[in-house]
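Results of the structural survey
One-letter residues, chain by chain:
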There are 2 protein chains.
Amino acid sequence: MYVSPPDEEIDSKKSVVDYKKSVSRRGVLAELYQSEVSTLAQLAKSLHSSVPSITNIVEELVNEKWVSTFGTAVGNHGRRPVLFGLSTQEKYVVALDISTHDTKVVIMNLQREVIFRKDIKLGLEDNPRFAKALLEFTRKALEESQVEASHFVAIGISMPGLIQFQSGTNMTYRRINQEEKPLSALISEEFNLPVFVINDTKATVLGEHRFGLARGKKHVLAINIDWGVGLGIILNGEIFQGASGFAGELGHIQMDPDGELCHCGKVGCLDTITSARSLIRRVQRGLNEGRVSKLSAYMDHIEDIDIETIIEAALEGDAFAIDILFDVGTVLGKGLSMAVHLFNPEIVIVDGIVVKADQFITNPIGQAINKYCLSDFRNDLSIEISQLGERAKWIGIHIYVMDQLLATI
Amino acid sequence: MYVSPPDEEIDSKKSVVDYKKSVSRRGVLAELYQSEVSTLAQLAKSLHSSVPSITNIVEELVNEKWVSTFGTAVGNHGRRPVLFGLSTQEKYVVALDISTHDTKVVIMNLQREVIFRKDIKLGLEDNPRFAKALLEFTRKALEESQVEASHFVAIGISMPGLIQFQSGTNMTYRRINQEEKPLSALISEEFNLPVFVINDTKATVLGEHRFGLARGKKHVLAINIDWGVGLGIILNGEIFQGASGFAGELGHIQMDPDGELCHCGKVGCLDTITSARSLIRRVQRGLNEGRVSKLSAYMDHIEDIDIETIIEAALEGDAFAIDILFDVGTVLGKGLSMAVHLFNPEIVIVDGIVVKADQFITNPIGQAINKYCLSDFRNDLSIEISQLGERAKWIGIHIYVMDQLLATI
DNA sequence: AATAATTTGTTAATATTTTTATAAAACAAG
DNA sequence: CTTGTTTTATAAAAATATTAACAAATTATT
């Protein structure tokens, strides 16, 4: 198994000079990561260092294949500066995007470009068989990609659930682990690479923040509506994890004391009203109670109704579907307004399956926020729909992996 | 008026050397602030610098009267090191602690020792007269303290309300400002000193975090129950303000859709159930409805019942008072459990008037958190009662002022 | 009580980094 | 097309910081 060396040991053994160099190296890599390409002068300025020093460090990073040149910039007055950026050929990150429907293996270069992708109908299940299948599938995919094993630098995994970020253990899916060994350790041993696990919603908000709609914002909330409801949080420009990595659990806040029993054991959780799962159940119940709707066509095979069908109906003007989406959006907005009062964000991003419903879901959310939030909180707040799509999550995994990896370089 | 120089200008004009020196100076001051006293070797280690460099910087700071020696340490094996710490004689911070009941002027030295204090029965009111009275009172207090004006380095103000932290404007008490000039600017002009304003609950949590119960913890929530309910938040070891400084507004989350009208215009806010104000109202209503209680003695002058009376009754075993406190604690705990789900903190500190009720308020809070929180969130969470008392807030003001001030040094 | 071991504080030597100077490259303007 | 301006890249000089060395101060040990 890959073991990253303990931080303190290094710190105390390293000389002051080595420490400062390491900080500069990380600074250069982080800067290049965010800006795609940059010049020596720009790097020197933003890292508060002199050009010769930066030249040295960049040279070293080029030798280690982390950095390459990308031609020269044009348009300035004077001599054209050489552009440096993270290598696109030498080092690759593997992302395992796991959801309850399927699993994707995505290989990206350091510039986050997807160079290989393989999907499988392997949905997340809470048993050791899943881990085994995942391992098998990943191995096959990496082989198929024909990338030399030595070129992989790390593996990142995103999945739903409460993930203890220090150990990478998923507390919601505990039975995946075999003999107390967390999934991350299993995969790390198999491929002899560092493995980092992040909650899927947190990965998404990371992507949206660094390379999407929320770019440059300091405080961002991203709500993800899927089989459950998740909240990804960026505070002070960084992903917020909380003490154990569980921060942002909006789905199990009680919205209705007389509501349904939730699978978590509590009553009336937001999840019981607004998750895709509950939405379908509510539609089915409504139809059985005789509501008039285009969806009545499904009366004979009511279990075939899925979220896409409902949204389609709403987009075609079906009053029943619109009503249901409105109700869901309202409750979601009420829950979000609590988060807005507590986090005071600049932007809220809506993501997940329901984004296809567009206005039919953002309108009630916006209205509920107006109703339940104090005006001072609403004034500088915008509500937007995600535009990066599935790429947001992959980019987020990549960012998370690189953040963790750079801390050890 | 005191104008702090714009950061960017300085940054761009300063040479790399000057910038690095400034960072080191700030580092030394911050380190000494937190550790009371320290040695050159310790400073060098924690700032990743060499001893000769640190010796230089400390010497400079001693010349500028920021730092003094504090004798030598004892107990080590070798030669006794000289101890350095922030001066206790040369520079002073003024704290204005404003509440709805009264106002206190507190003068502290750099080590946060109170060297002068003056109280006045001036409660916060939303009109320009308050600003005038505050100014007058402060001027008088500073005179009385006999501290030479040149020894003051900054003024910190704590008060309830939504405070826009960039400008120092209190959005909840807007009419305090005269001619669009925020209170902070008014005071800054008068005394020609930088002025920093912070919400009272945020000040308290800062104090508890750096020098109280939550010392060393990374993620802390502090709930303050007073005329309203406020939540102070420490995330990643730093005070969390949100985009505008409004973060932590727990009091206006809707807890009861059929509840009372709140002064904010919304219905059933947490504030309408759990603030000291509401607690008294509920007791009065209960008594009028004929509840049996020790407090019935107040039937003739029911408006004299205050929060202390109710708590005393509970401590003496009065069932009615205990019931009311239990109800309040339960709702509070339910509200807190939302915050716990979103922030995933390590510790929750209860503060404010109700702390005297001790178990009678912490028990229902704890029970409600157990009921409404997922177990993973409760496992590593402790709930404690504040022990620093009023000093927490003053210390918090001091910390905030020094943090802001150091950024400009 | 004397010696060994530890730690600090200062000085000197070494190493590193920044600054300055200069040449090269690109573009604009006369 | 040449000259002047602007910016980059590198080399040399200057400044600064780190390391190493050593003396001083203290505690533990023989």
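Preceding block: the structure.
Figured I'd write up the structure that's included with this text. What you see is a predicted model, and the numbers here were worked out from it, not measured in a lab. (Residues numbered from 1 in each chain as written. Chains lettered and ligands numbered in written order. Predicted model: local features only at pLDDT ≥ 70, side-chain atom pairs only at ≥ 80, totals over all residues. Heavy atoms only, no water.)

Across its full length, chain A carries 14 helices and 15 strands. Considered along the principal axes of its C-alpha atoms, chain A spans approximately 75 × 50 × 40 Å. In chain A, once contacts between residues fewer than 6 apart in sequence are set aside, the share between residues at least 24 apart is 64%. Accessible area for chain A stands at about 17,900 Å²; split by element, carbon and sulfur atoms hold 49% of it. (Helix = DSSP H or I, 4+ residues; strand = E, 2+ residues; numbered from the N terminus. Contact = heavy atoms within 4.5 Å. Areas by Shrake-Rupley, 256 points an atom, 1.4 Å probe, with all protein chains shown as cover.)

Moving on: the interface of chain A and chain B. Each side of the interface is counted separately: chain A has 50 residues, and chain B has 50 residues. Regarding the contact of chain A and chain B, the summed buried area is about 3,900 Å², with carbon and sulfur atoms giving 63% of it. In terms of surface lost to chain B, no three residues of chain A exceed His-48, Leu-342 and Asp-376 of chain A, which account for 19% of the buried area on that side. Between the two partners, chain A and chain B, sit two salt bridges. Of the charged contacts, one joins Arg-174 of chain A and Asp-376 of chain B as a salt bridge, the two residues approaching to 3.0 Å between their closest N and O atoms. At the surface where chain A touches chain B, the tally comes to 24 residue pairs in polar contact (both at pLDDT 80 or more). Contributions of two or more residues to the side of chain A that touches chain B are made by helix H2 (16–35), strand S12 (229–235), helix H11 (319–343), helix H12 (359–372) and helix H13 (375–378) of chain A. Classifying every residue of the side of chain A that touches chain B by side-chain character gives 24 nonpolar, 15 polar and eleven charged. (Buried area = accessible area lost by both parts, 1.4 Å probe. Salt bridge = Lys/Arg side-chain N within 4 Å of Asp/Glu carboxyl O. Polar contact = N/O pair within 3.5 Å; in protein donor to acceptor, adjacent residues only side chain to side chain. Nonpolar A, V, L, I, M, F, W, Y, C, P; charged D, E, K, R; others polar.)

In this section: the sheet that holds strand S10 (residues 195–199) of chain A. All names here are of chain A. Taken together, five strands build an open sheet; the order of strands is S6-S5-S4-S7-S10 and the sheet is mixed. Each of the sheet's edge strands pairs with one partner strand only, and the pair in question is strand S6 (114–120) and S10. Each strand axis lies, on average, 15° off the axis of its neighbour in the sheet, ignoring direction. Note that strand S4 (residues 92–98) and strand S5 (residues 103–109) share seven bridges and pair antiparallel. From the neighbouring strand, Leu-96 faces S5, where its bridge partner is Val-105. The strands touched by helix H5 (residues 128–145) are S4, S5, S6 and strand S7 (152–159); relative to S5, the strand with the most contacts, the crossing angle is about 40°. (Pairing = 2+ DSSP bridges. Axes fitted to C-alpha atoms, helices over the stretch in contact; angles between N-to-C directions.)

All names here are of chain B. The strand order S1-S3-S2 describes an open sheet built from three strands, whose pairing is antiparallel. Strand pairing shows two members of the sheet lacking a second neighbour, strand S1 (37–38) and strand S2 (67–72), which therefore form its edges. Direction of pairing for S2 relative to strand S3 (residues 82–86): antiparallel, over a ladder of four bridges. Bridge assignment links Thr-69 to a residue of S3, and that residue is Phe-84. Along the sheet face, helix H2 (residues 16–35) touches S1, S2 and S3 and points at about 95° away from the line of S3.

Surveying the vicinity of DNA strand D reveals 20 residues, the closest of which are Lys-20 and Val-82 of chain A together with Ser-50, Ser-53 and His-77 of chain B. By atom count, sugar and phosphate contribute 76% of the portion of DNA strand D lying within 4 Å of the protein. Residue Ser-15 of chain A places a side-chain N or O atom 3.3 Å away from a phosphate oxygen belonging to DNA strand D. Arg-80 of chain B places a polar side-chain atom, nitrogen or oxygen, 2.8 Å from a phosphate oxygen of DNA strand D. Residue assignment for the surface near DNA strand D shows that the elements contributing at least two residues are H2 of chain A together with helix H4 (51–63) of chain B. When residues of the surface near DNA strand D are assigned to their parent elements, the largest contribution, three residues, is made by H2 of chain A. When the residues that make up the surface near DNA strand D are grouped by side-chain class, the tally is seven nonpolar, nine polar and four charged. (Near = heavy atom within 4 Å.)

Right, let's get into the protein's contact with DNA strand C. Taken together, 20 residues form the shell around DNA strand C, and within it Ser-50, Ser-53 and Arg-80 of chain A together with Lys-20 and Val-82 of chain B come nearest. Counting only atoms of DNA strand C within 4 Å of the protein, the fraction found in sugar and phosphate groups is 75%. Backbone polar atom of Val-16 of chain B to a phosphate oxygen of DNA strand C: 3.3 Å apart, as the coordinates give it. Here Gly-78 of chain B contributes a backbone N or O atom positioned 3.5 Å from a sugar or linking oxygen of DNA strand C. For the surface near DNA strand C, the secondary structure elements donating two or more residues are helix H4 (51–63) of chain A together with H2 of chain B. Take the surface near DNA strand C: its biggest share by element is three residues, from H2 of chain B. Residue composition of the surface near DNA strand C, grouped by class: seven nonpolar, nine polar and four charged.

Together, Glu-303, Asp-304, Asp-306 and Glu-312 of chain A make up a region of like negative charge exposed at the surface. Looking at the secondary structure, you find Asp-306 of chain A in the loop between helix H9 (276–288) and helix H10 (307–315). (Patch = residues over 30% accessible without salt bridge, like charges linked within 9 Å, V, L, I, M, F, W, Y side chains within 5 Å. Lys, Arg positive; Asp, Glu negative; His and termini not counted. Charge placed at Lys NZ, Arg CZ, Asp CG, Glu CD.)

A few words now on the pairing of strand S11 (residues 220–225) of chain B. Along any regular strand, the residues point their side chains to alternate faces of the sheet. Residues and elements named next belong to chain B. Of all the six residues making up S11, six are buried; the element is thus mostly covered by neighbouring parts of the structure. Of the two faces of S11, the one holding Val-220, Ala-222 and Asn-224 and the one holding Leu-221, Ile-223 and Ile-225 are both buried throughout. Bridge analysis of S11 against strand S12 (residues 229–235) gives six bridges, and the strand direction is antiparallel. Looking across to S12, one finds that Asn-224 is bridged to Gly-230. From the end of S11 to the start of S12, which pair antiparallel, there are three residues. In this structure, S11 lies alongside strand S14 (residues 347–352), joined through six bridges in parallel fashion. (Buried < 20%, exposed > 50% of the residue type's maximum accessible area, 1.4 Å probe, protein only.)

The next subject is the state of the cysteines. Going through the model one piece at a time under the given rule, you end up with zero disulfides over all chains. Not part of a disulfide, Cys-269 of chain A finds its nearest cysteine sulfur in Cys-264 of chain A, a span of 3.7 Å. (Disulfide = S-S within 2.5 Å.)

Quick look at the relation of the copies chain A and chain B now. Rotating chain A by 180° and translating it 0.0 Å along the rotation axis places it on chain B, where the RMSD comes to 0.1 Å. Classification of the inter-copy transformation places it as that of a two-fold axis. A share of 100% of interface residues in chain A that are also interface residues in chain B marks the association as one of identical surfaces. (Least-squares fit on C-alpha atoms with pLDDT ≥ 70 in both.)

A word on H4 of chain B. All names here are of chain B. Across its 13 residues, H4 extends 18 Å between first and last C-alpha, which sits within 8% of the 18 Å expected from 1.5 Å per residue. All buried positions along H4 are accounted for by Ile-54, Ile-57, Val-58 and Leu-61. Projected down its long axis, H4 carries its buried residues within an arc of 100°, all on one side. Along H4, exposed side chains directed more than 90 degrees from the buried face belong to Pro-52, Asn-56 and Asn-63. Contacts made by the buried residues of H4 are with H2, helix H3 (40–46), S2 and S3. After H4 finishes, the residue Lys-65 shows a positive phi value of roughly 70°. (Expected span 1.5 Å × (residues − 1). Arc of directions from axis to C-beta.)

Our next topic: the packing of aromatic side chains. In this structure the tally under the stated criterion is seven aromatic pairs over all chains. Ring centres 5.6 Å apart and planes at 65° place the aromatic pair Phe-377 of chain A and Phe-246 of chain B in the edge-to-face group. Pair noted here: Phe-377 of chain A is in helix H13 and Phe-246 of chain B is in the loop between strand S13 (238–239) and helix H8 (271–274), and the two residues belong to different chains. Assigned by exposure class, Phe-377 of chain A and Phe-246 of chain B land together as buried. Pairwise contacts between aromatic rings join Phe-240 and Phe-343 of chain A together with Phe-240 and Phe-343 of chain B into one cluster. One cation-aromatic arrangement involves Lys-91 of chain B over Trp-66 of chain B; the distance from NZ or CZ to the ring centre is 4.6 Å. (Phe/Tyr/Trp six-rings, centres within 6.5 Å; stacked < 30°, edge-to-face > 60°. Lys NZ or Arg CZ within 6 Å of the ring centre and 35° of its normal.)

Residues that lie three or four places apart on an α-helix share one face, since the helix turns once every 3.6 residues. Under the 1.5 Å per step criterion, the end-to-end length of helix H14 (residues 390–406) of chain A is 25 Å for 17 residues, consistent within 8% with the ideal 24 Å. When you tally the buried positions in H14 of chain A, you get 13 out of 17 residues, the bulk of the element.

Now for unusual backbone geometry. Glycine aside, a negative phi is what most residues show, and trans is what most peptide bonds show. Notably, Gln-146 of chain A is not glycine yet its phi reads approximately 65°, a positive angle. Of note, Gln-146 of chain A is situated in the loop between H5 and S7. In this structure Gln-146 of chain A comes out as exposed when scored by relative accessible area, which is 71%. Here Asn-236 of chain B, not a glycine, exhibits a phi torsion of approximately 50°, which is positive. If you trace the backbone, Asn-236 of chain B turns up in the loop between S12 and S13.

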